[in-house]
Amino acid sequence: MSVTVEVSNLIKQFDGGHVRAIDDVNLAIEEGEYLVLLGPSGCGKTTLLRTIAGLEQPTSGDVLIAGSVVNGLPPRVRKVAMVFQSYALYPHKTVLANIVFPLKPEKLPKQERESKARWAAELLGIDQLLDRKPRQLSGGERQRVALARALVRAPHVFLLDEPLSNLDAKLRASARDELKRFQQRVGTTTVYVTHDQAEAMGLGDRIAVMDKGKLRQLGHPVEVYDDPADTFVATFIGSPPMNLVPRDGTLVGFRPEHLLPVSHVTGERVDVTFHVDRIEHLSGDRHVYGTVSGLGEENRVIARLPATVTDPVTPGEAHAFGVNIDRLRFFGAESGTRTEPIRVDAKHG
Amino acid sequence: MAELVRDAPRRQELDGTRRRLADRDGFLAWIFLVPTVVYIIVLVAIPFFLAIAFAFSDVTAGNPSYDWVGLENFSRVFDDPVFWQALRNTFVFTAISMVLIVVFGKVLAMVLVADFRGKWLVRFLVLLPWTTPVALSSITWLWLLHSIYSPIDWVLRNVGLIEDNSYFLGKPALAMGSVIAVHVWRLVPLAAVIMMVGILSIPDDLIEASRIDGAGFWRRLFEITIPLTFPLIAVAALFGAIFTFTDMAVVYVLTGGGPTNSTHVLASWSFVRGIGGGDIGQGAVIALFLFPLLLAAAILILRSVRKMETI
Ligand SMILES: Nc1ncnc2c1ncn2[C@@H]1O[C@H](COP(=O)(O)OP(=O)(O)OP(=O)(O)O)[C@@H](O)[C@H]1O
Ligand SMILES: [Mg+2]
């Protein structure tokens, strides 16, 4: 069972209006979609999630689940399941009792409840831990218990608040993969909060990028990466971030991996002179720091040369680099939002 | 390491020894324990053994010379029906008071943590009984429960619930009830504050998780709040029970043990016999009777707390 989740004109203020945690957000999540909420710390991701869950009431605007307004309804009737960043397992209950707990309001016989809980535990591979208390579990096991508790009563919506942030890097990668496959299997509409862009790019059907309580862009990971709606998204996503070069009241942007020695740029391109300062070697790639001239004002940029590009690049020297003209993005210098392309002198390569 | 210290200049060696003295946990533990040990010996152990000694003697207020009389005091105490009445009263008083205190304390604690307008006033009023000296508040209660001028009677009469005055302190059952009521009124604020601390110590996300999991008020109360605060409640209840068990203030001020010795508890009976009546031997026997009961209660509750494995 999966449903749509929608928020419209949602505003949430704290402290009598001093803090605007969510500032007029409109967002429609499709049935069975895996939406990732991405944004820097303090941008209102958790607040948005809690408002959808019913733990916070909106200051104004609506939350719709399955097409009907649920403002003012308590969490339990919204049929949402939430995994907290801290997992919030009940410390005095065993793993089994933790997983059974959400089933109690449904008037099922005890045995049926337990067999459902065992099914959920098996699905997540924690069926051998059922008699333990949460404090006897590792971080990864706790996360799985929290997930099992969330899915056991087949909720309409999953809300996950940075569920992987307590895990180490290696476990996080495998847990991310597991989570995605699990969601595809059950097909439940999922909202996943993170401030880790790698997680967002890897997991999301769509990504919603937030900043200071506002929704900046909503789209496919590829779309958000390739066609950022504004300079915030352009520089928040991608590491190293998109290069921005001022030119005639506009900012010309291009990703570091598209700034290459001229011989490697195919199609129509703009030529620049790249004064190299410094080179970093990172997992096979070369990150080249320097200044470009010839595209607009002189500006500091970063180029990312993949391992396949073996041209010599020497710090302290100027090199002939180029960017494919289709890879250029344009933003208003004042507003920061996307604008129409402006003319740049191009050459065929 | 030792060689290094020996080779080092003199001042460093001094520093080194001093640090090592402060590092010795066992030594420090003893220093910190000394005041407690002295306190316990002077104010607990000595009176305790003195009481045991008196229990086997014919010491009275008028004749303090010590003569061994064996078990005579014990047989005299046990032959007295007032003692058995007081013993029964002590249990009834403690059990009923503690149940009421825990229940009302819990309810009040939840009122205290709730968020509403003017809660500082409610919190202040709730804590008032605890801050009032019991002798003072009992006098107010004496008036409230007065045989002729009781305002409670007046209200009940005017509402039409009773015909005649209740004589709260004049009938044994009502008098015992009044004693319990005043004692509960006195201890509930403290219980509420202790339980409030317990409730506040539960992480918010656990409460929120239980709301998401569809638990209503009662399920949340019985499956989350109470289990998580149980060790605190148990320890507080233990102290409350011991305090109640040995307390005589309310009985003494409100009824003086009357009517006809029907509301005495062990502590007040021991006081009346030993200090009021001057028969120190009998007073000691009655007071000693509290000891095994308290010991059993303490062991019982501490054990149940230890058995609870939480967090
Ligand atoms: N209960 C509250 N009272 C007052 N301000 C709050 C409250 N909850 C959140 N805020 C504020 O709202 C803003 C958004 O908070 P939120 O927790 O949603 O951020 P977040 O995007 O989840 O950040 P993080 O990635 O660090 O978890 C912050 O500025 C925060 O200080
Ligand atoms: Mg957050």
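Residues numbered from 1 in each chain as written. Chains lettered and ligands numbered in written order. Predicted model: local features only at pLDDT ≥ 70, side-chain atom pairs only at ≥ 80, totals over all residues. Heavy atoms only, no water.

Okay, the overall build of chain A next. Each helix and strand counted, chain A has nine helices and 19 strands in total. Each principal axis of the C-alpha distribution contributes one length, and for chain A these read about 75 × 45 × 35 Å. Burial status across chain A gives 52% buried among its 349 residues. Taking the contacts inside chain A whose residues are at least 6 apart along the sequence as the reference set, 63% of them involve residues at least 24 apart. Charge separation in chain A, taken as the distance between the mean sites of 43 positive and 44 negative side-chain charges, equals 9 Å. (Helix = DSSP H or I, 4+ residues; strand = E, 2+ residues; numbered from the N terminus. Buried < 20%, exposed > 50% of the residue type's maximum accessible area, 1.4 Å probe, protein only. Contact = heavy atoms within 4.5 Å. Lys, Arg positive; Asp, Glu negative; His and termini not counted. Charge placed at Lys NZ, Arg CZ, Asp CG, Glu CD.)

All names here are of chain B. Within the secondary structure layout, Ile207 lies in helix 10 (residues 204-212). Along the chain, Ile207 and Leu221 lie 14 residues apart, while their C-alpha atoms are 10.0 Å from each other. Residues contacting Ile207, with those up to four places away along its chain left out, are Ile202, Arg220 and Ile224.

What follows deals with the interface of chain B and chain A. Listed per partner, the contact involves 18 residues of chain B and 25 residues of chain A. A combined buried area of about 2,000 Å² lies between chain B and chain A, and 58% of that area is made up of carbon and sulfur atoms. Between chain B and chain A we count four salt bridges in total. For B:Asp213, the salt bridge identified is with A:Arg149, shortest N-O distance 3.6 Å. Mapped by element, the contributors of at least two residues to the side of chain B that touches chain A are helix 10 and helix 11 (217-246) of chain B. Counting residues per element, the side of chain B that touches chain A draws most heavily on helix 10 of chain B, which supplies seven residues. Of the residues assigned to the side of chain B that touches chain A, the class counts are eight nonpolar, three polar and seven charged. (Buried area = accessible area lost by both parts, 1.4 Å probe. Salt bridge = Lys/Arg side-chain N within 4 Å of Asp/Glu carboxyl O. Nonpolar A, V, L, I, M, F, W, Y, C, P; charged D, E, K, R; others polar.)

What follows concerns the sheet that holds strand 7 (residues 157-161) of chain A. Residues and elements named next belong to chain A. Spatially, six strands are ordered 6-7-8-3-9-10 in an open sheet, and the strand pairing comes out mixed. Edge positions in the sheet fall to strand 6 (80-83) and strand 10 (214-219), since each has one partner strand and no second. Adjacent strand axes in the sheet meet at a mean angle of 15°, parallel and antiparallel pairs treated alike. With five bridges joining them, strand 7 and strand 8 (residues 189-194) adopt parallel strand pairing. Opposite Val157, over in strand 8, you have Thr189 as the bridge partner. (Pairing = 2+ DSSP bridges. Axes fitted to C-alpha atoms, helices over the stretch in contact; angles between N-to-C directions.)

Below, the discussion takes up the layout of surface pockets. All names here are of chain B. Reported here for the largest pocket is a volume of approximately 610 Å³. Around the largest pocket sit 23 residues that line it, and Pro47, Phe48, Ala51, Ala287 and Leu288 are the ones nearest its centre. Going through the elements one at a time, helix 3 (25-55), helix 13 (266-276) and helix 14 (280-307) are the ones with two or more residues in the lining of the largest pocket. For the lining of the largest pocket, the residue count by class is 19 nonpolar, four polar and no charged. Within this model, the second largest pocket holds a volume of roughly 440 Å³. As for the second largest pocket, its lining consists of 16 residues, and the residues nearest its centre are Val113, Ile199, Ile207, Arg220 and Thr225. When grouped by side-chain class, the residues that make up the lining of the second largest pocket number nine nonpolar, one polar and six charged. (1 Å grid on protein atoms, 1.4 Å probe; cavity = no way out; pocket = protein on both sides within 12 Å on 5 of 7 lines; lining within 4 Å. Points joined across faces, edges and corners; volume = space filled by probe spheres on them.)

A word on the confidence of the model for chain B. All names here are of chain B. Per-residue pLDDT for chain B has a mean of 80; in total, 90% of the residues score no lower than 70. Least confident of the elements in chain B is helix 1 (residues 2-7), whose mean pLDDT is 47; most confident is helix 10, at 91. Low pLDDT, under 50, characterises residues 1-6; the stretch is placed with three contacts to residues that sit more than four places away or in other chains. ipTM for the predicted complex: 0.80, alongside a pTM of 0.77. (pLDDT = per-residue confidence, 0-100.)

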